[in-house]
Amino acid sequence: MIASVALTPPAINPIAHIALVDALVEQGWYVGNNVIDLELCQALHRELHHMAEHDVLDEAGIGRGKEHHLRKDIRGDAIHWLDRESEAQRRYLDAMAELQQSLNQALFLGLFEYEAHFAHYPPGAFYQRHLDSFRGRANRVISTVGYLNPQWPTDAGGEMVIYHPDTPSQEVARVVPEAGTFACFLSETIPHEVLPTQQPRASIAGWFRRNASLDGVLDPAR
Ligand code: OGA
Ligand code: MN
């Protein structure tokens, strides 16, 4: 008799690596449904929900270091940086490390680090149109967003809108923040925004980085 072994499915569907690399080259962005394992999304969602309920998330700001400040008129999410403190976080971060290898092998990007935070958008919150890489700092090269909401009503808003890099008034995709969906885009060139949400909205925003040294100062990781 053969003993049945409960295998853990891959955190990120490996087929998606190929489609993702192609889409980044062709258009600078990628969106895929059913890319992140749903059980993993559930576990991550539970963690974020728990942190939101217990009021232990940090208000998100804009800018780094001394220039960091709160701007609720620009973004209204609350965040927690992933730090491998749970099995679910480790699985997600390990999957991103594998994706980093695929990206480096296919595109010679020299990505060497990944940072990511949970983001909780309470009802009414949004994130105005922006680029993810800070001006004059080529630190964030590729952005990722993983969505965790078990289901998303069509009238709940909260979509991420992706705009054309050359004609920023042109909308090219509207991403429903539903569990399993994974988006990825070039941090320095793809404008995007989060539309006002009617429901609590859970995602993980992350960035593959190159180390950028400016005026001899090593850019910090957050
Ligand atoms: C960000 C961001 C998009 C999203 O955190 O920079 O653009 O859909 N997030 O959560
Ligand atoms: Mn962004």
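Please refer to the structure placed before this passage.
Keep in mind that this is a model prediction, so the values were computed, not measured.

## Here's the deal with the sheet that holds strand S7 (residues 127-130)
Moving on, step 1. Reading across from one edge, S7-S12-S9-S10 is the order of the four strands in this open sheet, with antiparallel pairing throughout. Strands at the two margins of the open sheet, each flanked by one partner only, are S7 and strand S10 (171-175). Looking at each pair of strands side by side, their axes are set apart by 10 degrees on average, direction ignored.
Moving on, step 2. Pairing between S7 and strand S12 (residues 192-194): two bridges, direction antiparallel. Paired with His130 across the bridge in S12 is His192.

## So, the nonpolar core
Moving on, step 1. Grouped together as the largest cluster of nonpolar side chains are 39 residues, with contacts concentrated most on Tyr92, Leu103 and Phe182.
Moving on, step 2. Residue assignment for this core shows that the elements contributing at least two residues are helix H1 (14-27), helix H2 (38-53), helix H3 (87-107), strand S6 (113-121), strand S8 (140-147), strand S11 (182-186) and strand S13 (201-209).
Moving on, step 3. A total of seven residues in this core trace back to one element, the largest contributor, which is H3.
Moving on, step 4. Setting aside chain neighbours within four positions, we find Tyr92 in contact with Ile36, Leu40, Leu44, Leu82, Tyr114, Gly146, Phe182 and Ile204.
Moving on, step 5. Core analysis: the next-biggest nonpolar cluster, separate from the first, contains eleven residues, Ala60, Ala119, Tyr127 and Ala205 among them.

## Comments concerning H1
Moving on, step 1. Its 14 residues place the ends of H1 20 Å apart at the C-alpha level, agreeing with the 20 Å of an ideal helix rising 1.5 Å per residue.
Moving on, step 2. Contacts from the buried residues of H1 go to strand S1 (29-32), H3, S8 and S11.
Moving on, step 3. Its side-chain oxygen at 3.0 Å from the backbone nitrogen of Ile15, Asn13 defines the N-terminal cap of H1.
Moving on, step 4. In the segment just after H1, Gly28 is the residue with positive phi, at about 85 degrees.

Calculation rules
The numbers attached to residues start from 1 for each chain and follow its sequence in the written order. Chain A is the first chain written and ligand 1 is the first ligand written, with later ones labelled in order. In view of the model being predicted, local features appear only for residues whose pLDDT reaches at least 70, and side-chain atom pairs are presented and counted only at 80 or more, with totals across whole chains, interfaces and linings using the full set of residues. Note: side-chain values were computed over all heavy atoms of the structure, leaving out hydrogens and water. Two strands qualify as a pair provided that DSSP identifies no fewer than 2 bridges between them. A run of H or I in DSSP counts as a helix once it spans at least four residues, and a run of E counts as a strand once it spans at least two, with each numbered from the N terminus. Throughout, an axis means a line fitted to C-alpha atoms (over the contacting stretch in the case of helices), and angles, computed between N-to-C directions, take values from 0 to 180 degrees. To qualify as a nonpolar core, a set must consist of buried Ala, Val, Leu, Ile, Met, Phe, Trp, Tyr and Cys residues joined through side-chain atoms within 4.5 Å. With a 1.4 Å probe rolled over the protein chains alone, any residue whose accessible area is under 20% of its type maximum counts as buried; one over 50% counts as exposed, and the rest are partly exposed. Throughout, a contact is declared for two residues whenever any of their heavy atoms are within 4.5 Å. Each helix should span, by expectation, one fewer than its residue count multiplied by 1.5 Å. Side-chain atoms alone can form a polar contact between residues adjacent in sequence; in general such a contact is a pair of N or O atoms within 3.5 Å, and within protein one must be able to donate a hydrogen while the other accepts it.

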